[in-house]
Amino acid sequence: MDIPDLTIAITSMGDMKFLDPCLTSIYSFAADLKLELIVVAYKCDRSRLVELKHKFSPVQFVEIGKLNGYSENMNVALRQAQGKYSMVLNDDTYFSDNCLQTLVETFKEKPDAAFVSPVILNFDGTVQMYGRPGLGIWEWFCAASKLNRLFNRSVPSHDSRGEITITHCVSGACFVARSDVLKRLNYFDEYYFGTPDDAALSTLAQRAGYKIYLNPRAHVYHYGSASAKAVHAALIPAYKQGEYYYFRTYYGAPAAFVVRSLSLAIFILKAAYWKLKKADDRSHAMLHASLNGARFAFKDLRPKDVFERLSRGL
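Remember, predicted model here, so these are calculated numbers, not experimental data.

*Asks:* Describe the packing of aromatic side chains, and please don't skip the residues or the numbers.
*Replies:* Scanning the entire structure with this criterion turns up 19 aromatic pairs. Seen in terms of ring centroids, Y246 and Y250 are 5.2 Å apart; in terms of plane orientation they differ by 45°. Their pairing is tilted. Of this pair, Y246 and Y250 are both found in helix 9 (residues 232-251), four residues apart, which corresponds to roughly one turn of the helix. The two residues Y246 and Y250 agree in class, both being buried.

Here it is in structure tokens:
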């Protein structure tokens with residue numbers, strides 16, 4: 001049996017409206033790579049899933065019935081990956097060139113690389129992410145309080161001739177890893193329900209002596225989610241529990257206490273802000289997300305437990 005060059009692990013849920021164009025773009029620009037594709041499908045539209053299985057017969061679809069976090073679902077695919085390299089990929093992504101080949105070849109150019117990230121673009125072609133800093137308290141605070149918008153330096157434009165450089169954190173939207181390194185790191189930490197699982201994996205890898213690179217010659221389009229939904233009233237507090245756990249794990253209890261305290265203050269301010277906004281679906285969702293975030297700021301619960309408790313009735 002030939003060993004695949006690259007295993008692409010994708011998680012998908014709901015109506016999977018992005019999955020079809022994502023898979024189509026992968027096969028359109030696979031070049032000569034031997035690919036293995038594994039899609040972990042949770043709570044998916046049954047008729048749509050049957051269509052996709054027929055259209056993309058080489059893809060392995062793994063159906064998940066129970067509620068899992070992103071890390072748990074992704075690990076289902078990564079643990080059975082046969083490829084020398086493994087790509088972690090969101091289903092709301094799209095390739096328009098030979099990014100896959102470029103990312104795999106990066107490991108030949110940088111033999112000490114454990115993870116390699118592409119430039120992540122918005123669908124209009126603007127840069128969404130050009131590498132990431134490590135997640136410390138200052139970086140967290142700037143993002144949580146939106147101060148990063150005030151101090152935001154101009155993001156480099158995508159440069160197909162750029163040099164491969166060290167970066168500090170991968171994005172769960174898209175990155176490639178040596179499969180043997182992922183195995184040694186025991187994949188994603190399944191305590192997390194979602195963010196900051198990618199930052200935690202990056203921090204763990206770097207503290208173990210592994211290097212993370214950004215290849216600006218590779219890029220992927222990522223849709224992301226800009227609108228607030230009712231489910232965010234449960235998701236955001238669950239993600240925050242993951243952040244508290246992250247800082248306690250990698251920076252100690254005092255750091256976690258600081259993050260909890262700042263989170264409580266930020267949630268209170270955000271609740272006041274959304275209370276004053278014009279009543280609509282977005283302000284309603286974000287008001288409840290802020291109130292729930294404040295409510296659970298000093299409760300030590302698993303992120304999934306928080307989500308399950310708050311999502312009832314949404």
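*Asks:* If you had to explain unusual backbone geometry to someone new, which residues and values would you point to?
*Replies:* Following T195, the chain continues into P196 via a peptide bond in cis, with omega recorded as 5°. Turning to its location among the elements, P196 is positioned in the loop between helix 7 (179-184) and helix 8 (197-207). Positioned with a positive phi, N186 is a non-glycine residue whose angle comes to about 65°. Mapping N186 onto the fold places it in the loop between helix 7 and helix 8.

*Asks:* Residues and numbers for the side chain of S86, please.
*Replies:* Relative to the helices and strands, S86 is located in strand 4 (residues 85-90). Taking the relative accessible area as the measure of exposure, S86 reaches 1% and is therefore buried. A polar atom in the side chain of S86 sits 2.7 Å from the side chain of S179. Residue contacts for S86: discarding those within four places in its chain leaves L6, T7, L78, A81, F175, V176, A177, S179 and L182.

*Asks:* Please set out empty space enclosed by the protein residue by residue, giving values where relevant.
*Replies:* Counting across every chain of the model gives one cavity of 30 Å³ or more. Here the largest cavity defines a volume of roughly 60 Å³. Lining the largest cavity are S117, P118, I120, M129, G131, R132, T167, C169, V170, S171 and C174. Among the elements that make up the lining of the largest cavity, the one with the highest residue count is strand 6 (residues 113-121) (three residues). For the lining of the largest cavity, the class distribution of residues is six nonpolar, four polar and one charged.

*Asks:* Could you give an account of the packing of helix 9 against helix 10 (residues 253-276), with specific residues and numbers?
*Replies:* In the contact formed by helix 9 and helix 10, the axes pass within 7 Å of each other and the chain directions differ by 155°. Viewed along their axes, helix 9 and helix 10 adopt a mutual orientation that is roughly antiparallel. With respect to the hand of their crossing, helix 9 and helix 10 are arranged in right-handed fashion. On helix 10, the residues touching I236, K240, Q241, Y244, F247, R248 and Y251 of helix 9 are A253, A255, A256, V259, R260, S263 and F267. Here the residues of the contact of helix 9 with helix 10 are counted per class, giving nine nonpolar, two polar and three charged.

*Asks:* Go over the environment of N90, please, and point to the residues and values.
*Replies:* One can find N90 in strand 4. With a relative accessible area of 18%, N90 lands in the buried category. Expressed as a C-alpha distance, the spacing of N90 and C142, which sit 52 residues apart in the sequence, is 25 Å.

*Asks:* Just give me the short version of a nonpolar patch on the surface, but keep the residues and values in it.
*Replies:* Residues Y94, F123 and Y223 make up a contiguous nonpolar surface patch of about 330 Å² in total accessible area. Along the chain, F123 turns up in the loop between strand 6 and strand 7 (127-129). Taking the relative accessible area as the measure of exposure, F123 reaches 45% and is therefore partly exposed.

*Asks:* Explain the packing of helix 9 against helix 12 (residues 303-311) residue by residue, including any values.
*Replies:* Angle between the axes and distance between the axes are the two parameters that describe a pair of packed helices. Viewed as axis vectors pointing N to C, helix 9 and helix 12 meet at an angle of 165°, and their least axial separation amounts to 8 Å. By the angle between their directions, the pair helix 9 and helix 12 is classed as roughly antiparallel. Where helix 9 crosses over helix 12, the handedness of that crossing is right-handed. Side by side, helix 9 and helix 12 meet where A233, A234, L235, P237, A238, Q241 and G242 of the first sit next to P303, V306, F307, L310 and S311 of the second. When its residues are assigned to classes, the contact of helix 9 with helix 12 shows nine nonpolar, three polar and no charged.

*Asks:* Mind laying out helix 9, listing which residues take part and the relevant values?
*Replies:* For helix 9, with 20 residues, the first-to-last C-alpha span of 27 Å sits near the 28 Å given by 1.5 Å per residue. With 15 of 20 residues buried, helix 9 lies mostly within the body of the structure. Once helix 9 finishes, G252 follows within two positions and takes phi at roughly 100°, a positive value.

*Asks:* An account of the nonpolar core is needed here, citing residue identities and associated values.
*Replies:* Core analysis: the biggest nonpolar cluster contains 37 residues, and I8, I10, L23, I26, M87 and L89 have the highest contact counts within it. Here this core takes five residues from helix 4 (residues 99-109), the largest share from any one element. Ignoring sequence-local partners within four residues, the contact set of I26 consists of I8, I10, L35, L37, L89, F95 and L100. Counting residues in each nonpolar core, the second largest holds 24 residues, with I64, Y70, M74 and F175 among its members.

The rules behind each value
Residues numbered from 1 in each chain as written. Predicted model: local features only at pLDDT ≥ 70, side-chain atom pairs only at ≥ 80, totals over all residues. Heavy atoms only, no water. Phe/Tyr/Trp six-rings, centres within 6.5 Å; stacked < 30°, edge-to-face > 60°. Helix = DSSP H or I, 4+ residues; strand = E, 2+ residues; numbered from the N terminus. Buried < 20%, exposed > 50% of the residue type's maximum accessible area, 1.4 Å probe, protein only. Polar contact = N/O pair within 3.5 Å; in protein donor to acceptor, adjacent residues only side chain to side chain. Contact = heavy atoms within 4.5 Å. 1 Å grid on protein atoms, 1.4 Å probe; cavity = no way out; pocket = protein on both sides within 12 Å on 5 of 7 lines; lining within 4 Å. Points joined across faces, edges and corners; volume = space filled by probe spheres on them. Nonpolar A, V, L, I, M, F, W, Y, C, P; charged D, E, K, R; others polar. Axes fitted to C-alpha atoms, helices over the stretch in contact; angles between N-to-C directions. Parallel < 35°, antiparallel > 145°, perpendicular 65-115°, else oblique. Left-handed = near helix turned anticlockwise from the far one by under 90°. Patch = residues over 30% accessible without salt bridge, like charges linked within 9 Å, V, L, I, M, F, W, Y side chains within 5 Å. Areas by Shrake-Rupley, 256 points an atom, 1.4 Å probe, with all protein chains shown as cover. Salt bridge = Lys/Arg side-chain N within 4 Å of Asp/Glu carboxyl O. Expected span 1.5 Å × (residues − 1). Core = buried A, V, L, I, M, F, W, Y, C linked by side-chain atoms within 4.5 Å.

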